[in-house]
Structure formats: C-alpha cells, structure tokens
Amino acid sequence: MTATIGADLRRTVRGQVLLPGDEAFETARLPWNRAVDQRVRAVVEIEDAADAAAVVRYAKLAGLGVAAQPSGHGASPHLDGTILVRTGRLRGTDVRAGERVARVEAGVRWEELLVAAGKHGLTGLPGSSPVVSVTGYTLGGGVSWFGRRYGLAANDVRALEVIDADGVTVRVTAEADPDLFWALRGGGGDFALVTALELDLHPAPLLYGGRMLWPVDRAAEVMDAFREVTAAAPEELAVWFTMLGFPPLPEVPEPLRGLTAVAVDTAFLGVEEEGRALLRRLEAVPGVIGDTRAALPPEAVGDICAEPTEPLPALSRGELLTGLDDAVAGDLLAAVGDVAPLVSVQVRHLGGALSRPTEGGGACGHIAEPYLLGMVGPIPTPESARAVAARLTEIGRAMTPHTTGRKPFTFLDEEEQAASAFPAEVLARLRDIKRRRDPAGVFRSNHPVLG
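Quick caveat: nothing in here was measured; it's all calculated off a predicted structure.

Enquirer: Where do I start with the packing of helix α8 (residues 219-232) against helix α11 (residues 326-336) in this structure?
Expert: Helix-helix packing: each pair is described by the crossing angle between the helix axes and the interaxial distance. Relative to each other, α8 and α11 sit at 145°, their axes nearing to 11 Å. In the packing of α8 onto α11, the handedness of the crossing is right-handed. On the side of α8, the interface is formed by Ala-219, Ala-220, Met-223 and Arg-227, while α11 contributes Asp-326, Ala-329, Leu-332 and Leu-333. Taken together, the residues that form the contact of α8 with α11 break down as six nonpolar, no polar and two charged.

And the structure:
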C-alpha cells in the first residue's frame, strides 16, 4: 500500500515525495516540537499551489487525510493515515505599500514579512517568534505584540488562496464566500489548505522595546511594578512578565547558564522617550542585571523574547486569567516557585483592541480576558517529560480559581481540541461548516473542530 501511494504521488506532483523507509523520511516528518510523534503515510514538499491541489485530489480519492505544515509548527500526534504537506517552498512575498497590503505564500515566516514591510515603514501583527509562518499563526488568530493597538492578526486578512476539499483552487473573500472566510480567520487549518493570504499592514515607523532582567528574588517587586504599568498602559504598549529558568546547556550564554530570573519584555509603538516614561515604574525596581531596551526596527520585534529558533522537545500549557489582583499574583508566584523544571512561566497583558469585538471579524472573535498565562518546559528525557507534565498540571490547578477555562487557539497544546478555544455558538458554526465543506474529512488540523 505504501509503495502504491508513493508511486501515485510521484506521478501526481512535482515536489519531493518521501515515504516510510526513505532515507530522509524520518527527518521530514518531524514537527518543530520534537515531543510530538507524527506518524504519517507520506511527506510531500510541494512546489506550488498546483502541487497542493493535486495532493488534495489524490488524498480524497485514496481515502487519506491531508495536514499542512510549513516547518512543523502546529504539530499533532493524531495524523495516522495522513499525507503531511510541507509548504515551506512557497515563499513569495509582495508588499503593496500604497494599499498597506501584503500577499504572502504559505511558507513565508514572520521575519521575512517584517523585513519586506519594514522597508516601507509598515508592519504586520507578529507574535513573539520570528520563525513561525505568517499563515499558520494567522489561521489560529494571532496574538501579537501589537494586538492591543490593532487586534488579532486573523481579523486583518483580506483574502485567502486555498485548495478546497475537492482539490479546487479558490480565492476566498468576505464577498465570494463569507462562511469559509469567517472560519479560516481564527478557526485553524481544518477547512482548506491555504497556499497564500493577503493581509492588511499598519504604520510602524517608530518602535521601542526590549527585555529587562532581574534575579528571581525580585519577582514579587517586579510583579507589583508590572501590574501598575499594565493598569495604566496605552494601547500602543505591550508588556509581558516572565519567570525564566535558563538551562545549564552550552547553547545558553555563559552569564545566563543555570540562572533563574524574572524578565519584563516590552514593545511600544512610539518614540523612545515616551516609552521610557511609561516604563519608569519598572526602572525603580532595583537589581537589574540586564536591559536590552532600545529603538528598534519593526523586523527586530521577534528578537525581544529571544525564543529558540531551532526545534526542541517541550510541553506547554496556556490559560486565560480573569485578572491580576493581589490574590491572583500571589497565587501565581507561590505556585511557580523557582520555575524548575519549566523554562518559562509568562503573563502577557492583553486588553485594548484584543478585547473589543470586530465588525466582520473572523472565528477568533476577541479575547475578553485581560491576561494570558503561558508555561513551557523542555523534555529531553522521559523522566523530564513526567516532571514537566506534573508541574504544568500543578500550576494549572493552583490557578483554576483565576482562569476562565477558555484558551486562544494557538495556545492549545497538541492534545487539546478546538472546543477549548471557542464559545459554544462559534464552535457549532465551525462544525457545521466543516461537515458541509469537508464531509470526507480530508483536512486534518492540529486542533480539529470535530471530536
């Protein structure tokens, strides 16, 4: 059966086809998060949209599923019977500066779009990592550094070029197909294979930001300052509080190796003088051991948090907090302790445009909760995996009285269903669209809307 699939696919597409047993297959099937085991029937590195359409048509005829990933973000352990489509070769970027619009193909990473848009004093709405694909991030909603000012990234989408469940190439807009247009903007990759999208850009001629770092014994003082700053922050300012455990590994810079610390990461759409004034309360916390804040080009925003840019095995958990009063802050600091065996426990300030419903917005809607809690731990061994899983559960339980139970789509872990991200009425509409548009279940996203 595998040999037949391979022969058929190689006749069908121009891109590389890899099957179990091929020398490069084991590497090609790997996701970004090496902890997820993707057992797929084949991996196809498509050359273009025509290849994508051919794969979908073949999969439907063969009774197989299709899962699209540019570089492995958005992995799933439930891809048995699936063709994994790598869209990383689709790297076209076209910035129409006069219209403040960019067209990006499915393999384009945020760092590439930011460089292209930055030449025109423009930016999209990137998250914390420069290496995540624009398309995958946006299909999941997209909680951006600039979201407090401009909202969720998915609501900036103007059009999508997709392959539907029949293998037909379609341009999806609000006018041409309002149902699919709504579902794709924040509902994930469960409805079509997206080969390109067009999205609005925003002016970003000035940007100030970076990271302040203190020893972990300053965590309570830094948390107090963080709460004061976020309580009065304008929508142009994003501030994130993070407790960090730097592992004692060679790739970690010597001064930080093995250090436990507390950080505040900031991005301000404005001039340095005004940004510094808004953050003065943080500067009053003594003991700073690092401060990278400076005027930045928009394309450097992905460097603020210094997130890993190479794959690794990890477990994560995300929760939305109802607030950050004395009780919530105290419970969080007590639950986190010295961070280990996690490497990051982060609180992102949301609010602003993220919290307001958008007329004509997509399935992602808006995020009413004011703060987002995210936790990550590396799991290089089975023993560490058990320890990290237990710690995530322990902190999650301690914070249950202060969380809503809902999660932004892109903060779901690999085992969670999309039901965790959406209100009941939104989920019902997504499920109806899935059943009508893809009754054979050709598309297999990392967080399916149907259980």
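Enquirer: Even after reading the chapter, I still don't get the pattern of salt bridges, so can you show me in this structure?
Expert: If you walk through the whole model with that rule in mind, you get 40 salt bridges. Between Asp-37 and Arg-39 there is a salt bridge, and its shortest N-O distance comes to 3.1 Å. Residue Glu-45 pairs with Arg-89 through a salt bridge whose shortest N-O separation is 3.4 Å. Of the two residues, Glu-45 is situated in strand β2 (residues 42-45) and Arg-89 in the loop between β4 (82-86) and β5 (93-96); the sequence distance between them amounts to 44 residues. With relative accessibility at 23%, the residue Glu-45 sits in the partly exposed group. Assessed through its relative accessible area of 38%, Arg-89 is described here as partly exposed. By sharing partners, the salt bridges in this structure join Glu-272, Arg-276, Arg-280, Glu-283, Asp-291 and Arg-293 into a single network.

Enquirer: Please clarify how the sheet that holds strand β8 (residues 157-163) should be interpreted in this entry.
Expert: Pairing between the strands of a sheet comes from backbone hydrogen bonds, and it takes one of two forms, parallel or antiparallel. In space, the five strands of this open sheet follow the order β5-β6-β10-β8-β9, with antiparallel pairing throughout. On the outer flanks of this sheet lie β5 and β9 (169-172), each paired with one strand and no other. Geometrically, the sheet is characterised by an average inter-axis angle of 10° between neighbouring strands, direction not taken into account. Pairing between β8 and β9: four bridges, direction antiparallel. The residue bridging Glu-161 from the neighbouring strand is Arg-171, located in β9. Packing of helix α4 (residues 110-118) onto the sheet brings it into contact with β5, β6 (101-105) and β10 (193-200), and relative to β5 it is tilted by some 35°.

Enquirer: Mind showing me how you'd approach the pairing of β10 here?
Expert: Walk down a regular strand and you will see the side chains alternate between the two sheet faces. Here β10 lies mainly inside the structure; seven of its eight residues are buried. Pairing between β6 and β10: five bridges, direction antiparallel. Paired with Ala-102 across the strands is Leu-199, a residue of β10.

Enquirer: Is there a simple way to explain empty space enclosed by the protein in this structure?
Expert: To find leftover empty space, one rolls a probe the size of a water molecule over the atoms. Applying the stated criterion across every chain yields a total of two cavities of 30 Å³ or more. A volume near 100 Å³ is recorded for the largest cavity. Lining the largest cavity are 15 residues, and of these Gly-140, Cys-364, Ile-367, Pro-408 and Phe-409 sit closest to its centre. In terms of residue class, the lining of the largest cavity is made up of eight nonpolar, six polar and one charged. Its boundaries defined by the atoms lining it, the second largest cavity holds a volume of some 40 Å³. For the lining of the second largest cavity, the secondary-structure elements that each account for two or more residues are β13 (237-245) and β18 (344-349). Its residues assigned to classes, the lining of the second largest cavity shows six nonpolar, two polar and two charged.

Enquirer: Explanation requested: the pairing of strand β3 (residues 65-69) in the structure shown.
Expert: In terms of burial, β3 is a largely internal element, four of the five residues being buried. As judged from the five bridges shared by β3 and β4, these two strands associate in the parallel manner. Each bridged residue has a counterpart across the sheet, and for Ala-67 the counterpart in β4 is Leu-84.

Enquirer: I'm lost on helix α12 (residues 382-399) in this one. Help?
Expert: Side chains of residues three or four places apart in an α-helix project in the same direction, reflecting 3.6 residues per turn. Along its 18 residues, α12 runs 26 Å from first to last C-alpha, staying within 8% of the 26 Å computed at 1.5 Å per residue. Of the positions making up α12, those classed as buried are Ser-384, Ala-385, Val-388, Arg-391, Leu-392, Ile-395, Gly-396 and Met-399. End-on view of α12: buried residues confined to an arc of 135°, all on one side of the axis. Opposite the packed face of α12, turned more than 90 degrees from it, sit the exposed residues Pro-382, Glu-383, Arg-386 and Arg-397. The secondary structure elements touched by the buried residues of α12 are β17 (314-321), α11 and β19 (371-378).

About the cut-offs
Here the residue numbers are simple positions, counted from 1 along each chain's written sequence. This being a predicted model, a pLDDT of at least 70 is required before a residue's local features are given, and a value of 80 or more before pairs of side-chain atoms are given or counted; all residues contribute to the totals for chains, interfaces and linings. Working from all heavy atoms in the structure, the side-chain values ignore hydrogens and water. Angular values range over 0 to 180 degrees, each being the angle between N-to-C directions of two axes fitted as lines to C-alpha atoms, with helices fitted over their stretch in contact. Elements are defined by DSSP. Helices are runs of H or I of four residues or more, strands are runs of E of two residues or more, and each kind is numbered from the N terminus. Put simply, a crossing is left-handed when the front helix is turned counterclockwise from the back one by less than a right angle, and right-handed when it is turned clockwise. The contact criterion used is simple: two residues touch if any of their non-hydrogen atoms lie within 4.5 Å. Throughout this entry, Asp, Glu, Lys and Arg are counted as charged residues, while Ala, Val, Leu, Ile, Met, Phe, Trp, Tyr, Cys and Pro are counted as nonpolar. The remaining residues, Gly among them, count as polar. Only one rule defines a salt bridge in this text: a Lys or Arg side-chain nitrogen within 4 Å of an Asp or Glu carboxyl oxygen. Here the term buried applies to any residue with accessible area under 20% of the maximum for its type, exposed to any over 50%, and partly exposed to those in between, with areas from a 1.4 Å probe on protein chains only. Only when DSSP finds a minimum of two bridges between them are two strands counted as paired. Buried and open spaces are told apart on a 1 Å grid over the protein atoms alone, a cavity being a set of points where a 1.4 Å probe fits but cannot get out and a pocket being an open set with protein on both sides within 12 Å along at least five of seven lines. Residues with an atom within 4 Å of a point are the lining residues. Grid points are joined across faces, edges and corners, and a volume is the space filled by probe spheres set on the points. By definition here, a helix of n residues has an expected span of 1.5 Å times n minus one. Picture the helix axis, draw a direction to every C-beta atom, and the arc is the one those directions span.

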